[in-house]
Amino acid sequence: TSDDIFSLEKAPGKTLVVGASYIALECGGFLTGLGYDTSVMVRSIVLRGFDRDCADRIKDDMVASGTRFIDKSIPIRIETTPEGLRKVTYQNVETKQQHSE
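Each chain carries its own residue numbering, running from 1 in the written order of its sequence. Where totals are concerned, whole chains, interfaces and linings use all residues; where local detail is concerned, this predicted model gives features only for residues with pLDDT of at least 70, and gives and counts side-chain atom pairs only at 80 or more. By convention in this description, side-chain values take in all heavy atoms of the structure and omit both hydrogens and water.

Caption draft 1: Broad picture of the sheet that holds strand 1 (residues 15-18). Read across the sheet, three strands follow the order 1-2-3 without closing on themselves; strand pairing throughout is parallel. Two strands lie at the open edges of the sheet, namely strand 1 and strand 3 (68-71), each paired on one side alone. Each strand axis lies, on average, 25° off the axis of its neighbour in the sheet, ignoring direction. Examined bridge by bridge, strand 2 (residues 38-42) and strand 3 share four bridges and lie parallel to one another. Bridge assignment links Ser39 to a residue of strand 3, and that residue is Arg68. One requirement defines pairing of two strands: DSSP has to find at least two bridges between them. By the criteria applied, helices consist of DSSP H or I runs no shorter than four residues and strands consist of E runs no shorter than two, each listed in order from the N terminus. A fitted line through C-alpha atoms serves as each axis, taken over the contacting stretch for helices, and the angle formed by two N-to-C directions is quoted from 0 to 180°.

Below, the structure is given as structure tokens:
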């Protein structure tokens, strides 16, 4: 959860934020600002229910600041590697193509 990130015992490193609410974007933005490789996975649009122009500008600014967006995708599997890292398999909701990182 967004609260858990503040109580981690070690730095998060490469991070995937799932969702595009204002809390998700806030977490993604400050992690990028702290220098972590951060991606935000978005099923449909960022900031649903907010003014579209403002929402798109916020996303554009985050991209310009280094946050990566994985659009039109949902996580379908999370596995732990032998090194203790998390491997996420996700699917594009339109093409049904699967990718892993």
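Caption draft 2: View of the pattern of salt bridges. By convention in these notes, a salt bridge is any Lys or Arg side-chain nitrogen within 4 Å of a carboxyl oxygen on Asp or Glu. The tally for this structure, following the rule as stated, stands at seven salt bridges. For the salt bridge of Lys14 with Glu101, the shortest nitrogen-to-oxygen distance reads 3.6 Å. Remark: Glu101 occurs in the segment after strand 6 (98-100) and Lys14 occurs in the segment before strand 1; sequence separation between them is 87 residues. Exposure remark for Glu101: the relative accessible area of 35% places this residue in the partly exposed category. Type-normalised accessible area, obtained with a 1.4 Å probe on protein chains alone, sets the label of each residue: buried when under 20%, exposed when over 50%, and partly exposed for intermediate values.

Caption draft 3: Molecular detail of the layout of surface pockets. Note on definitions: the grid is 1 Å and covers protein atoms alone; a cavity is a set of points where a 1.4 Å probe fits but cannot get out; a pocket is an open set with protein on both sides within 12 Å along at least five of seven lines; lining residues have an atom within 4 Å of a point. Grid points are joined across faces, edges and corners, and a volume is the space filled by probe spheres set on the points. Taken as a whole, the largest pocket spans an internal volume of roughly 1,100 Å³. Along the walls of the largest pocket sit 32 residues, with Pro12, Lys14, Thr15, Leu16 and Arg86 positioned nearest its centre. Within the residue set of the lining of the largest pocket, elements represented by two or more residues are strand 1, helix 1 (22-33), strand 2, strand 3, strand 4 (73-80) and strand 5 (86-92). Three classes are used, and their members are as follows: Ala, Val, Leu, Ile, Met, Phe, Trp, Tyr, Cys and Pro are nonpolar, Asp, Glu, Lys and Arg are charged, and the others, Gly among them, are polar. The class makeup of the residues in the lining of the largest pocket is 18 nonpolar, six polar and eight charged.

Caption draft 4: Main features of the environment of Ile58. Checked against the element boundaries, Ile58 lands in helix 2 (residues 52-64). By relative accessible area, Ile58 is classed as partly exposed at 39%. Each C-alpha atom, one on Ile58 and one on Thr81, is 34 Å from the other, the two residues being 23 residues apart in sequence. The contact criterion used throughout is that any non-hydrogen atoms of two residues lie within 4.5 Å. Sequence-distant contacts of Ile58, defined by excluding residues within four places in its chain, comprise Leu25 and Leu47.

Caption draft 5: The arrangement of a nonpolar patch on the surface in detail. Exposure above 30% relative accessible area and the absence of a salt bridge qualify a residue for a patch, where like charges join within 9 Å and nonpolar side chains (Val, Leu, Ile, Met, Phe, Trp, Tyr) within 5 Å. Using a 1.4 Å probe, the Shrake-Rupley method yields the accessible areas, and only the shown protein chains count as cover for residues. Together, Tyr22, Ile23 and Phe50 give the surface a local cluster of nonpolar side chains, amounting to about 320 Å² of exposed area. Relative to the helices and strands, Tyr22 is located in helix 1.

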